[in-house]
Amino acid sequence: MPLRDDARSVLRRMTPAGAGQAALRDRFVAHLDEHPDGVLRTCRPDHVTASTVVLSADASRVLLTLHAKAGRWFQLGGHAEPGDATLVAAARREAVEESGLDVSLDPAPVHLDEHAVPFCGPGGDAHHLDVRFVAVAPDGARHAVSDESLDVRWWPVDDLPNPDLAAMVALAVARVRASR
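No experiment lies behind these values; they were computed from the predicted model shown.

1. A look at helix H4 (residues 166–178)
When the terminal C-alpha atoms of H4 are compared, their 18 Å separation across 13 residues agrees well with the 18 Å that a helix rising 1.5 Å per residue should span. When we look at burial in H4, the residues that qualify are Met168, Val169, Ala172, Val173 and Val176. Angularly, the buried residues of H4 cover 130° about the axis, an arc narrow enough to put them on a single face. Packed against the buried residues of H4 are strand E1 (46–55), strand E2 (61–67), strand E5 (111–117) and strand E6 (126–136).

2. Brief notes about the packing of aromatic side chains
Within this structure, the stated rule accounts for 1 aromatic pair. Centroid distance Trp73 to Trp155: 5.2 Å. Interplanar angle 70°. Geometry classified as edge-to-face. Taken together, the residues span a long stretch of sequence, with Trp73 in strand E3 (residues 73–74) and Trp155 in strand E7 (residues 149–156) at a distance of 82 residues. Overall, Trp73 belongs to the buried group, its relative accessible area being 11%.

3. With respect to the pairing of E2
Counted residue by residue, E2 has 5 buried out of 7 residues, so it is predominantly covered. Where E1 lies against E2, 2 bridges are found, and the strand directions are antiparallel. From the neighbouring strand, Leu55 faces E2, where its bridge partner is Val62. Joining the antiparallel neighbours E1 and E2 is a turn of 5 residues, in which Ala59 adopts a positive phi near 60°. Pairing of E2 with E7 involves 7 bridges; the strand directions are antiparallel. Its bridge partner being in E7, Leu64 is matched across the sheet by Arg153. Relative to E3, E2 runs antiparallel, the two sharing 2 bridges. Bridging across to E3, Thr65 finds its partner in Phe74.

4. Things to note about the nonpolar core
In terms of nonpolar packing, the biggest core is built from 32 residues, with Val54, Val131 and Phe133 touching the most fellow members. Within the residue set of this core, elements represented by two or more residues are helix H1 (3–13), helix H2 (19–34), E1, helix H3 (87–99), E6 and E7. Excluding anything up to four places from it in sequence, Val54 contacts Arg61, Val62, Leu63, Leu76, Leu101, Val103, Ala135, Ala137 and Trp154. Counting 17 residues, the second largest nonpolar core, distinct from the first, contains Leu66, Trp73, Leu165 and Val173.

Reading the values: the criteria
Positions within a chain are numbered from 1, following the residues in the order the chain's sequence is written. Only residues with pLDDT of at least 70 are given local features in this predicted model, and only at 80 or more are side-chain atom pairs given and counted; all residues enter the totals for whole chains, interfaces and linings. Note that the side-chain values use all heavy atoms of the structure and ignore hydrogens as well as water. Secondary structure elements are taken from DSSP: a helix is a run of H or I of four residues or more, a strand is a run of E of two residues or more, and numbering for both begins at the N terminus. Expected span, for any helix, means 1.5 Å times one less than how many residues it has. Accessibility here uses a 1.4 Å probe with only protein chains present; expressed as a share of the type maximum, an area under 20% marks a residue as buried, one over 50% as exposed, and anything in between as partly exposed. Think of the arc as the fan of directions from the helix axis to the C-beta atoms. We call two residues in contact whenever any of their non-hydrogen atoms come within 4.5 Å of each other. The pairing test for Phe, Tyr and Trp rings, Trp by its six-membered ring, is centres within 6.5 Å, and the orientation test on the planes gives stacked under 30 degrees, edge-to-face over 60, and tilted for anything in between. Any two strands with at least two DSSP bridges between them are considered paired. We define the nonpolar core as a collection of buried residues of types Ala, Val, Leu, Ile, Met, Phe, Trp, Tyr and Cys that are connected through side-chain atoms lying within 4.5 Å of one another.

Below, the structure written as structure tokens:
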């Protein structure tokens, strides 16, 4: 199954957390219906991206990266690549590349977000339609800092350096705690 078809399937099966998330899901699916290249960074102005919220084993901390271009703390993630078979595989690849942690992802998205990304390619008109998954790092896991990051660090889930992450992290924590 092509990546675009997988992304549509993942999004259609998603159970959104509220009306705002449902509206984003519908927007993302419509984008993919209209754009055969909708999961690739060459699709402008919008393209689907994949992220991972990595939580500590006890779900009390979240691993964030200080993004080199944005200069802000974010979850791990980025663009799909032509070799990614699924959206979950793209999110996992990005998480491994950016953190060095070998994690497994919950295959159901935990959160969606649409945001402008002025530093994403020529023209500065890109919008990421970000599909966010959750993973739990094993106890004692050691992370690394990639070339794409200025730093990678664990943060308490109730004391985040970027308040824009609060809703996403809360949903991830709730998902992990509910699965135990």
